[in-house]
Amino acid sequence: MLFPRFLDLPARVSGRLLQAPADATAEVRHLLLDSRRVGPPAGAVFFALRGPSHDGHRYLPDLYAQGVRLFVVEESAALPDGLAAYAGAGILAVASPLAALQALAAAHRAGFGGPVIGITGSNGKTIVKEWLAQLLSPDEDICRSPRSYNSQVGVPLSVWELNPARHTLGIFEAGISEIGEMARLATIIQPTEGLFTNLGTAHDAGFASEEQKLREKLQLFQGPDFQRLFYCADQPLVRAAVAAQHLPGFCWTRLPAQPADLRFTTEASPTHATRLHADYPATGLSAAFTLPFADEPSIENALHCLAVLLHRQVEPAEIQRRLLRLHPIAMRLEMKLGRHDSYLLDDTYNNDLAGLALALNALARQSRPGRRTLILSDVLESGLSSPELYARVAALLPAAGVSRLVGIGEEISSQLRVRNEELGTESTIEEGANSQFLIPHSSFLIQTFPTTEAFLAQLNPTDFAHETILIKGARRFGFERIVAALQAQQHGTVLEVNLDALSHNLQHYRRQLNPGTRLMVMVKAFAYGAGSYEVASLLEFQRADYLAVAYADEGVALREAGISLPIMVMNAAPDAFEALRRYRLEPEIYSFEMLDEYLSTFDIPTENALPAPKIHLKLDTGMRRLGFDEADLPALAARLRRHAARLPVASMMTHLAAADEPSHDDFTHEQLEAFRRMTTALEAALGHSVLKHALNSAGILRFPAAQFDIVRLGIGLYGVDASNTADPAALRPVSQLRTTISQIKTLPAGFTVGYGRRGTAAATERRIATLAIGYADGYDRRFGNGTGTVLIHGQPAPLVGSVCMDMCMVDVTTIPAARAGDVALVFGEGLPLPELAGRIGTIAYELLTNVSERVKRVFVSE
């Protein structure tokens, strides 16, 4: 990937150089907007954006102290402490740092010759983008917008990640809220194909009419290289606008009489799935599919994706296989069991009128007995006056069978009072008080609250017993807290993975790297128990260079989830070589037998076959497990010379036996010297250089001179310092394992608890809490009988008796506040993994990777 020099920016973004960087060759590698998320400072350029409540220029001194040396500032802004305070830094002044950021991204996009799909619409953009990336990932190396990066800032950051040397397809979403925004995003994305999801009421406030908003959105698809727009023909306004603008289109329909390129017929299935039939007359295709969900928003989003795959002529059987493996996206409506026999429809991602109508349709389809309740926040950015907006909301409720409405927010509370008075009811509505509220044809029980906090302060989950509850709120109201309060505890044990802490640790190790050193991150063993897809997705966003897994099926799962980073497979069985080629996975080759299997598998290229996967040669310099020995070099070099054209060697690697133990440093240096000798000989045989890597997490910190071309980060990413050399504050724990107290009993003196009667109350009675975690969850049996400890209310509670399959017992005699349902911390802040591992004579790796997949993972980020 070619990066521009900082000194080339004035011509690219119409700027004036206030000060040239000390390094005249400094390249623009990373675009930085947040002083709290500084990665490797080399090549990072900070754009000092201004906003209604912040000014990026204030953070220049902090960024300079962190090593950032390239800045784009506003022409009219005064630099904190003056220009002299930034010795050696490159500083470019522009009229608008935001416009400069966008212009730089647009120039970068122009250097990518592959196809780019641009996605816009009122709802569903992020989900369609994520699903489309998952469905196309077996065929393409995809660069896509992370999360919902679809704004004036998010789009340029997303497009900047396009790498012509690696990616074959870009998929980017674009969101707007006012006139003029889409033209700027279109210049950055420059799509060759487009997908329009739907036209709804989201962001209506920024436009004079639906027609104006639609015209603005369709500007994304006006470029000279644009080839095709995928859209649903069932919305008349959209259909007419596409025709009026003469956009080349490929449309689908579910209406029997509507002309379209592709026709879908859907029917519900009794198994929370949807059966559908697709007819594609132009190709003569007629095929049946099953979607693994039944809610209307998900069906519509999936049909958009299905249209793209059918147009690409992916085989129906292959499409079906991919559809059934769609990775769930948390931003869609989710159905969850609630407490006290209630049932929740969680739609807490956004709140607009069209989305509310869809969610109410989902509520109407629920066949459970009992009352139906809607918990609703203020409806934002509708473009309607408050009286008209909430009259429309009220009109939607009777058809869905809603008999109780909880309104949260100042505007909805006020409008409910006004409407109550207009309808002539005698009761009044008070915040937090139940009263009768009449809407034509129905009687509603109403409760209003100014804030989510006010609602939670008085919430009693038993008030919602046996109800079906739709929870629909705009993101700023934080309705996920309401879901958490009402959701049933299906499994009391949760592994909480802090993605911000993981990012922090990644940047800590990056700062230890020499300029130009690349980073491979280990996500084997379910990403050390943290969750492979979620961690890999974050690493892709954070621009890791490589991922590594232990077995081929781990790599296949990541590819099918849409991960496009290069992936090295450390233990690839020969019978998986064809799968490696199909999923673009790169095996580690460590023996002549394995090398011969590779050459045999990919002996004769077949027509239209994918290229043979790149390989990584493992050299044994002292670990004595896997790898070619130094004595094997002559034979290996001969093979490399003979088959150089058929052996795409990506890297050579070795494994250090004791990088974390200072007492063995002499041996480590011997390993590194042997690695240098061996790679020099093998590169001579190949006739070119390749990537070389030897250092693990401990080695990165202890042997900086041996970074070679790339390093392998493993346990350190997850907050464990294997080298014992890092500043204790440098790494943050990523995972916290928590469980709950199922029951507390008093154990009289002389009584026992648990299998084998190993837990006893000797001289005095004891309070014993049973926890919902056992060895089937990955909690080691060696922690039993007082060896292990948990924290309850911040106080230690030692294990009593044996650890059972699904539970264990702790002594809470000295914690009188402990109650059933309280949380117990198994490891995390206050109970560090290395300390716990030492108690049972193991290592932190084992405790992390032992956490069972039946334990729910919860991913948190600020």
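That block above? That's the structure.
Residues numbered from 1 in each chain as written. Predicted model: local features only at pLDDT ≥ 70, side-chain atom pairs only at ≥ 80, totals over all residues. Heavy atoms only, no water.

Remarks on the overall build of the protein
Next up, step 1: Scanning the protein from N- to C-terminus turns up 26 helices and 39 strands.
Next up, step 2: Over its C-alpha trace the protein gives a radius of gyration of 30 Å, about what one expects of a compact globule, namely 29 Å for 862 residues.
Next up, step 3: Taking the principal axes of its C-alpha atoms as reference, the protein extends roughly 95 × 85 × 65 Å.
Next up, step 4: Counting every position in the protein, which comprises 862 residues, the buried fraction comes to 55%.
Next up, step 5: Within the protein, contacts between residues at least 6 apart in sequence are counted, and of these 67% link residues at least 24 apart.
Next up, step 6: Split by element, the accessible area of the protein, about 35300 Å² in all, is 52% carbon and sulfur. (Helix = DSSP H or I, 4+ residues; strand = E, 2+ residues; numbered from the N terminus. Rg over C-alpha atoms; globule rule 2.2 N^0.38 Å. Buried < 20%, exposed > 50% of the residue type's maximum accessible area, 1.4 Å probe, protein only. Contact = heavy atoms within 4.5 Å. Areas by Shrake-Rupley, 256 points an atom, 1.4 Å probe, with all protein chains shown as cover.)

Side note on the packing of helix H7 (residues 210–218) against helix H8 (residues 236–244)
Next up, step 1: For the pair H7 and H8, the least separation of the axes is 11 Å and the interaxial angle reads 50°. The pairing of H7 with H8 is recorded here as oblique in orientation. Of the two elements, H7 crosses H8, and the hand of that crossing is right-handed. Along the contact surface, H7 presents Glu210, Glu211, Leu214 and Leu218, while H8 presents Leu237, Val238, Ala241 and Val242.
Next up, step 2: Within the contact of H7 with H8, the residues separate by chemical class into six nonpolar, no polar and two charged. (Axes fitted to C-alpha atoms, helices over the stretch in contact; angles between N-to-C directions. Parallel < 35°, antiparallel > 145°, perpendicular 65-115°, else oblique. Left-handed = near helix turned anticlockwise from the far one by under 90°. Nonpolar A, V, L, I, M, F, W, Y, C, P; charged D, E, K, R; others polar.)

Considerations on the packing of helix H21 (residues 592–601) against helix H22 (residues 633–642)
Next up, step 1: Direction vectors running N to C along H21 and H22 enclose 10°, while the axes themselves pass 12 Å from each other. By the criterion of interaxial angle, the relationship of H21 to H22 is roughly parallel. Where H21 abuts H22, its residues Phe592, Leu595 and Asp596 lie against Ala635, Leu636 and Arg639.
Next up, step 2: Considered class by class, the residues forming the contact of H21 with H22 number four nonpolar, no polar and two charged.

Topic: the sheet that holds strand E28 (residues 649–653)
Next up, step 1: Strand order in the open sheet formed by eight strands is E29-E28-E27-E26-E25-E24-E23-E30, and the pairing between neighbours is parallel. Across the chains shown, the open sheet's two edge strands, defined by having one partner strand only, are strand E29 (691–693) and strand E30 (710–713). The sheet shows a mean angle of 25° between the axes of neighbouring strands, direction not considered.
Next up, step 2: Relative to strand E25 (residues 567–569), strand E24 (residues 546–549) runs parallel, the two being bridged by three bridges. (Pairing = 2+ DSSP bridges.)

Describing the sheet that holds strand E1 (residues 16–19)
Next up, step 1: Taken together, the five strands give an open sheet; going across it, the order is E1-E5-E4-E3-E2, and neighbouring strands pair in mixed fashion. Both outer strands of the open sheet, E1 and strand E2 (30–32), are each paired with one neighbouring strand and no more. Within the sheet, the average angular offset between the axes of one strand and its neighbour, ignoring direction, is 25°.

Focus on the side chain of aspartate 822
Next up, step 1: Following the sequence through the fold, aspartate 822 ends up in the loop between strand E37 (808–811) and strand E38 (823–827).
Next up, step 2: Of the side chains with opposite charge, arginine 819 comes closest to the buried, unpaired aspartate 822, at an N-O distance of 6.4 Å.
Next up, step 3: In this structure the side chain of aspartate 822 is engaged in a polar contact, spanning 2.8 Å, whose partner is the side chain of histidine 793.
Next up, step 4: If sequence neighbours within four positions are ignored, aspartate 822 has contacts with Thr739, Thr740, Ile741, His793 and Ala817. (Lys, Arg positive; Asp, Glu negative; His and termini not counted. Salt bridge = Lys/Arg side-chain N within 4 Å of Asp/Glu carboxyl O. Polar contact = N/O pair within 3.5 Å; in protein donor to acceptor, adjacent residues only side chain to side chain.)

Here we look at the environment of valine 535
Next up, step 1: Relative to the helices and strands, valine 535 is located in helix H18 (residues 532–541).
Next up, step 2: By relative accessible area, valine 535 is classed as buried at 0%.
Next up, step 3: Put simply, valine 535 and leucine 717 are 182 residues apart on the chain and 10 Å apart in space, counted from C-alpha to C-alpha.

Topic: H18
Next up, step 1: Where burial is concerned, most of H18 is hidden: seven out of the ten residues are buried.
Next up, step 2: All of the buried residues in H18 are Ser532, Tyr533, Val535, Ala536, Leu538, Leu539 and Glu540.

As for the state of the cysteines
Next up, step 1: Under the counting rule described, the total for this entry stands at zero disulfides.
Next up, step 2: Cysteine 232 forms no disulfide, and the closest cysteine sulfur to it belongs to cysteine 251, at a distance of 8.4 Å. (Disulfide = S-S within 2.5 Å.)

Describing the packing of aromatic side chains
Next up, step 1: Counted according to the given criterion, the structure contains 16 aromatic pairs.
Next up, step 2: For the pair phenylalanine 592 and phenylalanine 628, a centre-to-centre distance of 5.1 Å together with 75° between the ring planes defines the contact as edge-to-face. Of the two residues, phenylalanine 592 is situated in helix H21 and phenylalanine 628 in the loop between strand E27 (615–618) and H22; the sequence distance between them amounts to 36 residues. You'll find phenylalanine 592 and phenylalanine 628 in the same group, each marked buried.
Next up, step 3: Between phenylalanine 675 and phenylalanine 708, the aromatic rings sit 5.2 Å apart at their centres with planes inclined by 85°, giving edge-to-face as the arrangement. Taken as a pair, phenylalanine 675 in helix H23 (residues 665–686) and phenylalanine 708 in the loop between helix H24 (697–702) and E30 lie far apart in primary sequence, 33 residues in all.
Next up, step 4: For phenylalanine 675, a relative accessible area of 0% gives the class buried.
Next up, step 5: Owing to a relative accessible area of 24%, phenylalanine 708 belongs among the partly exposed residues under this scheme.
Next up, step 6: Among the aromatic side chains, those forming a connected cluster through ring pairs are Tyr64, Phe71 and Tyr86. (Phe/Tyr/Trp six-rings, centres within 6.5 Å; stacked < 30°, edge-to-face > 60°.)

Things to note about the pattern of salt bridges
Next up, step 1: If you walk through the whole model with that rule in mind, you get 42 salt bridges.
Next up, step 2: Linking arginine 275 and glutamate 267 is a salt bridge whose minimum nitrogen-to-oxygen distance equals 3.5 Å.
Next up, step 3: The exposure class assigned to arginine 275 is partly exposed, which follows from its relative accessible area of 36%.
Next up, step 4: A salt bridge links arginine 782 to aspartate 780, with the shortest nitrogen-to-oxygen separation between them at 2.9 Å.

Focus on unusual backbone geometry
Next up, step 1: In this structure, glutamine 313 takes a positive phi of about 60° despite not being glycine.
Next up, step 2: A positive phi angle, near 65°, is found at arginine 543, a position not held by glycine.
Next up, step 3: Within the secondary structure, arginine 543 is located in the loop between H18 and E24.
Next up, step 4: Given the relative accessible area of 24%, arginine 543 is considered partly exposed.

So, the nonpolar core
Next up, step 1: Core analysis: the biggest nonpolar cluster contains 108 residues, and Leu539, Leu547, Val790 and Ile792 have the highest contact counts within it.
Next up, step 2: A per-element tally of this core places H23 first, with six residues.
Next up, step 3: Apart from residues no more than four positions distant in its own chain, isoleucine 792 is found in contact with Ile741, Ala797, Val810, Val812, Ile815, Ala818, Val823 and Ala824.
Next up, step 4: Listed in part, the 39 residues of the second largest apolar core include Leu169, Phe250, Trp252 and Leu309. (Core = buried A, V, L, I, M, F, W, Y, C linked by side-chain atoms within 4.5 Å.)

A look at H21
Next up, step 1: Phe592, Met594, Leu595, Tyr598 and Leu599 are the residues of H21 that are buried. Along the axis of H21, the buried residues cluster in a sector spanning 160°; they form a single face. Structural note: H21 exposes Glu593 and Ser600 on the side pointing more than 90 degrees away from its buried face.
Next up, step 2: Lining the buried residues of H21 we find helix H20 (577–582), strand E26 (585–589), E27 and H22. (Arc of directions from axis to C-beta.)

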